[in-house]
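# Descriptive structure summary
Now for the letters of each chain:
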Amino acid sequence: GAGVSQSPRYKVAKRGQDVALRCDPISGHVSLFWYQQALGQGPEFLTYFQNEAQLDKSGLPSDRFFAERPEGSVSTLKIQRTQQEDSAVYLCASSSGTTTNEKLFFGSGTQLSVL
Amino acid sequence: GDSVTQMEGPVTLSEEAFLTINCTYTATGYPSLFWYVQYPGEGLQLLLKATKADDKGSNKGFEATYRKETTSFHLEKGSVQVSDSAVYFCALSDRGGNQFYFGTGTSLTVIP
């Protein structure tokens, strides 16, 4: 596609529900990142994939958070038993290379509200 | 650990005014530095970058110089336009790893 696509754009969940957030990166992009952006804050790193390999998951806040990219393209971020503190915008970004000098292309994000 | 601190907003300027948004960083190695911009309703976009000390990144009239001696990467524009209204994020990347660290963002509103 023309850019990074994320769905859904908005998600409202009741506390305790499981949610799944989808990211379609730019075709052919090797690297894929997930970020969490709380209101009024900058994006905070969650996890990084290089193709299908999850090379860094140090930013995942708890074992309720799980991400996968099984075929090295589309990625899903799953949050189990959602809590109110999980409310945030979840951003996906991709880049064509594997170095941190590369330009990141961001999606518009999924705004998650946990009631 | 690595981090970025940027000037808090919001910033409101009249059209054609001079803009400076301050950004300082802390890093253990030799990071690359970036400014990203988020227009209303859109995703973050790369505005400019610099990969080593004394490099100047520039784009759309914006400039920032990588100053190792002051650990800074301040964003400047000589004459802002209404269309520059957005949130600006300073960021650094850790060469040894694969993380980007973002500042908290500075909201800019330019009024006609």
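Residues numbered from 1 in each chain as written. Chains lettered and ligands numbered in written order. Predicted model: local features only at pLDDT ≥ 70, side-chain atom pairs only at ≥ 80, totals over all residues. Heavy atoms only, no water.

### Details of the nonpolar core
Formed by 26 residues in total, the largest nonpolar core has its most connected members in B:W35, B:L47, B:L48, B:F73, B:L75 and B:Y88. Where this core is concerned, the elements lending two or more residues are β2 (11-14), β3 (19-21), β4 (23-26), β5 (32-38), β6 (45-50), β8 (62-65), β10 (86-93) and β12 (106-111) of chain B. With four residues, β10(B) is the largest single contributor of residues to this core. With residues up to four places along the chain from it excluded, the contact list for B:F73 reads B:C23, B:L33, B:F34, B:W35, B:L48, B:K49, B:A50, B:A64, B:T65, B:Y66 and B:C90. Among the nonpolar cores identified, the runner-up in size contains 20 residues, and A:C23, A:L32, A:C92 and A:V114 belong to it. (Core = buried A, V, L, I, M, F, W, Y, C linked by side-chain atoms within 4.5 Å. Buried < 20%, exposed > 50% of the residue type's maximum accessible area, 1.4 Å probe, protein only. Helix = DSSP H or I, 4+ residues; strand = E, 2+ residues; numbered from the N terminus. Contact = heavy atoms within 4.5 Å.)

### Here's the deal with the state of the cysteines
Residues and elements named next belong to chain A. A complete count under the given rule lists two disulfides over all chains for this structure. One disulfide bridge connects C23 with C92, the sulfur atoms lying 1.9 Å from each other. Note on the C23 and C92 pair: the S-S dihedral is about -65 degrees, so by sign convention the disulfide is left-handed. Taken together, the positions of C23 in strand β3 (residues 19-24) and C92 in strand β9 (residues 88-95) put the pair 69 residues apart, joining distant regions of the chain. A relative accessible area of 0% means that C23 is categorised as buried. The class for C92 is buried, based on a relative accessible area of 0%. (Disulfide = S-S within 2.5 Å.)

### Describing the sheet that holds β8(B)
Residues and elements named next belong to chain B. A sheet is described by the order of its strands in space; here four strands give the open sequence β3-β9-β8-β7, paired in antiparallel fashion. Only two strands of the sheet have a single partner each, and these edge strands are β3 and β7 (56-59). Sheet twist, expressed as the mean angle between neighbouring strand axes with direction ignored, is 15 degrees. In terms of strand pairing, β8 meets strand β9 (residues 75-77) through three bridges, oriented antiparallel. What sits directly across from A64, in β9, is L75. (Pairing = 2+ DSSP bridges. Axes fitted to C-alpha atoms, helices over the stretch in contact; angles between N-to-C directions.)

### Concerning unusual backbone geometry
With an omega dihedral of -5 degrees, the bond running from A:S7 to A:P8 counts as a cis peptide bond. Structurally, A:P8 is set in the loop between β1 (5-7) and β2 (10-13). That bond from B:G9 to B:P10 is cis: its omega, -5 degrees, falls within 30 degrees of zero. Along the chain, B:P10 turns up in the loop between β1 (3-6) and β2. We note that B:D54 has phi near 75 degrees; this positive angle belongs to a residue other than glycine. On the secondary structure map, B:D54 appears in the loop between β6 and β7. By relative accessible area, which is 54% here, B:D54 ends up exposed.

### Focus: the packing of aromatic side chains
Under the counting rule described, the total for this entry stands at 13 aromatic pairs over all chains. Judged by centre distance (5.7 Å) and plane angle (80 degrees), the rings of A:F33 and B:F100 are edge-to-face. With A:F33 in strand β4 (residues 31-37) and B:F100 in strand β11 (residues 100-102), this residue pair bridges two chains. A single burial state applies to A:F33 and to B:F100, both of which are buried. Here the aromatic rings of A:Y35 and B:F102 are separated by 5.5 Å at their centres, their planes lie at 90 degrees, and the arrangement is edge-to-face. In this pair, A:Y35 is assigned in strand β4 and B:F102 in strand β11, connecting two distinct chains. Exposure class is identical for A:Y35 and B:F102. Each is buried. Ring pairing ties together the aromatic residues A:F33, A:Y35, A:F45, A:Y48, A:F106, B:F34, B:Y36, B:F100 and B:F102, which thus form one cluster. One Lys or Arg, A:R9, reaches over the ring of A:Y10 and ends 5.3 Å from the middle of that ring. (Phe/Tyr/Trp six-rings, centres within 6.5 Å; stacked < 30°, edge-to-face > 60°. Lys NZ or Arg CZ within 6 Å of the ring centre and 35° of its normal.)

Limitation: the analysis is restricted to geometry and does not speak to function.
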